[in-house]
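Architecture and fold: a report
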Amino acid sequence: MDTIKFVIENYVDEEAGYRFPVINIYINNSNLIDLVTKIEKKDWDGDIKTRSSYIGFEVPRFGQFRNEMLGRKIYARSVLLTCTCTIELCGSITADIAFNERTITWSDLKSPLLSGKTYSPFVDEADALKEGWKPLDYSGLGPFVFERRQYLSALDAVTQEWHQQKL
């Protein structure tokens, strides 16, 4: 079984000169952002470390984060990570989350943009192909199967931490 932990940590952008708290996800003691970066680096042939940058959910959007983790999603799939601009439609990592009596499973993790037929909603498929677009393969990322009690306990722990920070 996989393990999960949700942690409130500061996102720091030294270059832009800002910092703010986000909720990061750790799976088997590895930050989900690092797991995604490994997949994206593997498919990227250039000198760039990753094609896109992700952060956890901003703490002020905690309600949406909790709903996403419970499968009560806004979009067709649950949003796990957002773009550094904090808008999930700009760039995100999403998953299908399935609940059963004893487990919670995250499957089909991927970037809706980077795994698609084009890298941007503003570029049509023909132009993306002309530019040599190759969708990224996220099949090496998951599925992750969590014990339901451990998952919900981790979500309760970060909820409690969030409430304490608000006081």
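Before reading further, recall that the structure is shown in the block above.
Let me sum up the structure you'll find in this document.

Digging into the nonpolar core
Counting residues in each nonpolar core, the largest one holds 41 residues, and the members touching the most others are Phe6, Ile25, Leu32, Phe65, Leu80 and Trp106. Setting aside its immediate chain neighbours within four residues, Phe65 contacts Phe6, Ile23, Ile25, Phe57, Leu155 and Val158.

Details of a nonpolar patch on the surface
Taken together, the side chains of Ile74, Tyr75, Ile87 and Leu89 make up a nonpolar region of the molecular surface, amounting to roughly 400 Å² of accessible area. Mapping Tyr75 onto the fold places it in the loop between helix H2 (62–69) and strand E6 (78–83). With a relative accessible area of 31%, Tyr75 lands in the partly exposed category.

Quick word on the pairing of strand E2 (residues 18–27)
Pairing between strand E1 (residues 4–13) and E2: 10 bridges, direction antiparallel. Pairing of Asn10 across the sheet is with Pro21, part of E2. In textbook terms, the turn of a hairpin is the stretch between consecutive antiparallel strands, and for E1 and E2 this stretch comprises 4 residues, one of which, Gly17, has a positive phi near 80 degrees. When E2 meets strand E5 (residues 57–58), the two strands line up antiparallel, connected through 2 bridges. Across the sheet, residue Val22 finds its bridge partner in E5, namely Glu58.

Cut-offs applied
- Residues numbered from 1 in each chain as written.
- Predicted model: local features only at pLDDT ≥ 70, side-chain atom pairs only at ≥ 80, totals over all residues.
- Heavy atoms only, no water.
- Core = buried A, V, L, I, M, F, W, Y, C linked by side-chain atoms within 4.5 Å.
- Buried < 20%, exposed > 50% of the residue type's maximum accessible area, 1.4 Å probe, protein only.
- Contact = heavy atoms within 4.5 Å.
- Patch = residues over 30% accessible without salt bridge, like charges linked within 9 Å, V, L, I, M, F, W, Y side chains within 5 Å.
- Areas by Shrake-Rupley, 256 points an atom, 1.4 Å probe, with all protein chains shown as cover.
- Salt bridge = Lys/Arg side-chain N within 4 Å of Asp/Glu carboxyl O.
- Helix = DSSP H or I, 4+ residues; strand = E, 2+ residues; numbered from the N terminus.
- Pairing = 2+ DSSP bridges.

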